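Each chain, letter by letter, is given below.
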Amino acid sequence: KFADASIFVCSSNFEGFGLVIIEAMSCGLPAVSYSCTFGPKDIITDGKDGFLIPLNDEQMMASRICRLIEHEDERKIMGAAALKKSKCYSTDIIVNQWIRLFDTLLSEKR
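This structure is a prediction, so every number in the text was calculated from the model and none was measured.

(A) Structural context of the overall build of the protein. Of the regular secondary structure elements, the protein holds 5 helices and 3 strands. Reading the secondary structure of the protein in the N-to-C direction produces β-α-β-α-β-α-α-α. Across the protein, the fraction of contacts at a sequence separation of at least 24, relative to all contacts at a separation of at least 6, is 44%. Here the protein has roughly 7,100 Å² of accessible surface; of this, 56% comes from carbon and sulfur atoms. In the protein, which carries 13 positive and 15 negative side-chain charges, the distance between the mean positions of the two groups comes to 6 Å.

(B) Focus on unusual backbone geometry. Despite not being glycine, Asn56 has its phi angle at roughly 65 degrees, a positive value. The topology assignment puts Asn56 in the loop between β3 (50-53) and α3 (58-70). By relative accessible area, Asn56 is classed as exposed at 53%.

Rules behind the numbers
- Residues numbered from 1 in each chain as written.
- Predicted model: local features only at pLDDT ≥ 70, side-chain atom pairs only at ≥ 80, totals over all residues.
- Heavy atoms only, no water.
- Helix = DSSP H or I, 4+ residues; strand = E, 2+ residues; numbered from the N terminus.
- Contact = heavy atoms within 4.5 Å.
- Areas by Shrake-Rupley, 256 points an atom, 1.4 Å probe, with all protein chains shown as cover.
- Lys, Arg positive; Asp, Glu negative; His and termini not counted.
- Charge placed at Lys NZ, Arg CZ, Asp CG, Glu CD.
- Buried < 20%, exposed > 50% of the residue type's maximum accessible area, 1.4 Å probe, protein only.

These figures capture arrangement, not role.
In structure tokens form, the structure reads like this:
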């Protein structure tokens, strides 16, 4: 379904990490999300690859969604930035980060 979309909206008041945001970004979708304590604000760079909205600010959420609908050029630029950002979360990169972490922890334990 992401391939048929042009914007991703995450209206949760709480997200752990927000893998779905990265999945949407990997399809070139700018994300509009509430700036939860964890998750979206760790992934989205406000104004660059999506928009972060203060919690429960429905007016701003609607405004940012409308802005992306009405400004195709901005939406496409942000979508391209989202696609680029999603590559930071590729399996190769994340697995190598885990390996480095475990190696560091093991060496500290020894």
